[in-house]
Amino acid sequence: MKKLLSIILSTVALNVAAQTPHFNINGQVGNLNGKKVYLSFMTDGKGHEDSTTLANGAFHFTGQMNPYSSVRLAIDHKGAGREIATHGGDVIYFNFSNETLNIASKDSLANAQFSGSKTYDEYSAYVKAVGPMPWDIDRISNAEIAAAPELAQDTSFLNAVARRHYKMIADLGTKNLEFAKTHPDSFFAPVALFGTAANDKTAALAEQIYKTFSPAIQATDNGKTIKELIDAHYRLKIGGVAPTFTQVNPAGKAVSLADYKGKIVLVDFWASWCSPCRQEIPNLLSQYKMYKDKGFEILSVSLDSSREKWLKAVQQEGMGWPQVSDLKGNNNSAARLYGVTGIPATFLVDRDGKLISTTLRGEELNKKLAEVFKN
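It should be emphasised that the depicted structure is a prediction, and the values quoted were computed from it without experimental measurement.

This paragraph deals with the nonpolar core. With 46 residues, the main nonpolar core has V267, F269, F296, Y338, I343 and F347 as its most contacted residues. Of all the secondary-structure elements, those providing two or more residues to this core are β11 (264-270), α10 (275-291), β12 (296-302), α11 (307-317), α12 (333-337), β14 (345-349) and α13 (362-372). Considering every element that reaches this core, the biggest residue donor is β11, with six residues. Filtering out sequence-adjacent residues up to four positions away, F347 remains in contact with L236, V265, L266, V267, F269, Y338, V340, L355, S357 and T358. Membership of the second largest hydrophobic core comes to 45 residues, among which are M65, L73, F96 and A197.

This model, assessed by the stated rule, comprises nine salt bridges. Ionic pairing is found between E49 and R82, a salt bridge with its closest N-O pair at 3.6 Å. You can see E49 sitting in strand β3 (residues 46-53) and its partner R82 sitting in helix α2 (residues 82-85), a full 33 residues away along the chain.

This part takes up the state of the cysteines. Scanning all chains against the criterion turns up one disulfide. C274 shares a disulfide with C277; S-S distance 2.3 Å. Between C274 and C277 the disulfide shows an S-S torsion of about 75°. By sign, it is right-handed.

This brings us to the sheet that holds β14. Within the open sheet, the five strands sit side by side as β13-β12-β11-β14-β15. Their pairing is mixed. Strand pairing shows two members of the sheet lacking a second neighbour, β13 (323-324) and β15 (355-358), which therefore form its edges. Bridging between β12 and β13 involves two bridges; their strand directions are parallel. Each residue of the ladder has a partner; that of S300, found in β13, is Q323.

Time to look at the packing of helix α6 (residues 188-198) against helix α9 (residues 221-235). One way to put it is that α6 packs onto α9 with a least axis distance of 9 Å and a crossing angle of 10°. If you check the angle between α6 and α9, you find them roughly parallel. As for how α6 packs across α9, the hand of that crossing is left-handed. Seen from α6, the contacting residues are P190, V191, L193, F194, A197 and A198; seen from α9, they are N222, G223, T225, I226, L229 and I230. The class makeup of the residues in the contact of α6 with α9 is nine nonpolar, three polar and no charged.

When cut into domains, the chain gives domain 1 (23-129), domain 2 (143-236) and domain 3 (240-373). Across the contact, 14 residues belong to domain 1 and nine residues belong to domain 2. Summing the contributions of domain 1 and of domain 2, the shared interface buries around 860 Å²; its carbon and sulfur component is 61%. It is Y68, Y126 and A129 in domain 1 that bury the most area against domain 2; as a group they hold 58% of the surface buried on that side. On inspection of domain 1 and its partner domain 2, the count reaches zero salt bridges. Summed over the shared surface of domain 1 and domain 2, the result is two residue pairs in polar contact (both at pLDDT 80 or more). Counting residues per element, the ones that place at least two in the side of domain 1 that touches domain 2 are β2 (36-43), β5 (69-76) and α3 (118-130). With five residues, α3 is the single largest residue contributor to the side of domain 1 that touches domain 2.

So, how was this worked out
Residues numbered from 1 in each chain as written. Predicted model: local features only at pLDDT ≥ 70, side-chain atom pairs only at ≥ 80, totals over all residues. Heavy atoms only, no water. Core = buried A, V, L, I, M, F, W, Y, C linked by side-chain atoms within 4.5 Å. Buried < 20%, exposed > 50% of the residue type's maximum accessible area, 1.4 Å probe, protein only. Helix = DSSP H or I, 4+ residues; strand = E, 2+ residues; numbered from the N terminus. Contact = heavy atoms within 4.5 Å. Salt bridge = Lys/Arg side-chain N within 4 Å of Asp/Glu carboxyl O. Disulfide = S-S within 2.5 Å. Pairing = 2+ DSSP bridges. Axes fitted to C-alpha atoms, helices over the stretch in contact; angles between N-to-C directions. Parallel < 35°, antiparallel > 145°, perpendicular 65-115°, else oblique. Left-handed = near helix turned anticlockwise from the far one by under 90°. Nonpolar A, V, L, I, M, F, W, Y, C, P; charged D, E, K, R; others polar. Domains from an automatic or database assignment. Buried area = accessible area lost by both parts, 1.4 Å probe. Polar contact = N/O pair within 3.5 Å; in protein donor to acceptor, adjacent residues only side chain to side chain.

See the structure below:
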């Protein structure tokens with residue numbers, strides 16, 4: 001009887017496993033060998049990562065995700081590692097579910113053809129409605145410059161390219177806003193609303209549109225992200241109390257923003273792979289040296305996912321102020337609390353824990369600190 005029961009239970013377990021939804025991503029990129037392929041996606045507000053290596057151009061991923069999860073896929077052609085490959089390399093973004101997606105290209109993800117996924121087909125229809133995505137616009141502009149190397153130093157030519165670039169960005173924003181207004185039951189409505197919600201000047205408008213979305217759309221990962229951005233807008237008022245958070249430092253000790261009450265604190269969101277962030281560090285070093293003894297502190301929050309690369313960059317740059325991270329990459333909990341959608345991002349907090357200013361960098365930061373410490 002026990003043996004029969006064991007067989008029955010095993011059969012039930014196998015049937016449940018067989019019925020559990022899962023995804024498959026099958027890729028063929030030319031005949032490339034040994035190149036790393038990185039997969040990242042969001043499910044239930046949590047980031048998931050995986051990687052594999054191209055063998056005769058082929059790669060495969062499988063797993064589970066929520067319906068309409070946001071996905072990023074990148075190939076590391078230069079062996080530079082995940083962070084660099086996924087931030088400006090051969091990278092694509094799309095939405096996907098527990099389906100099978102086939103990807104084929106002669107040379108790169110940027111030129112790939114996709115088939116097999118209903119969700120991806122819906123995503124393609126959304127993209128067609130609003131025009132090229134930001135990463136596509138970057139490629140268009142870069143290709144225009146690359147096609148005319150003899151004009152690489154021609155200011156008028158570069159300015160013309162820049163004007164066309166920013167016009168495409170502006171047109172995308174307009175079309176996205178219209179899509180969000182007119183497609184409240186579409187999964188891609190919150191995707192289209194992202195730029196509006198991330199901008200303090202238009203967050204109130206985003207809230208009005210968000211309220212028209214169906215409960216099912218609001219409950220998606222992207223819907224929750226829009227709500228977080230809107231909430232951050234109201235949470236981060238100049239003169240209001242800066243949200244406190246706790247993360248760990250390189251030694252594994254919990255560090256809280258509240259620990260620095262009584263000091264002027266610059267909360268600095270950055271990452272080792274972020275070039276503009278690292279370009280700003282010499283200025284931070286200068287300002288820290290100037291005002292540290294007057295009660296100035298910097299609390300740097302890294303959006304790295306690699307502890308090794310995070311700590312290496314800290315050492316290389318000589319960042320002698322407090323460093324923390326939860327090593328969740330762009331899904332860093334403090335960054336989500338502060339509505340950070342791009343880095344570097346800074347928030348200046350006064351001695352009472354109230355927000356003085358945001359988005360300060362370079363000379364603007366220097367002028368504000370001179371003003372704060374003039375007495």
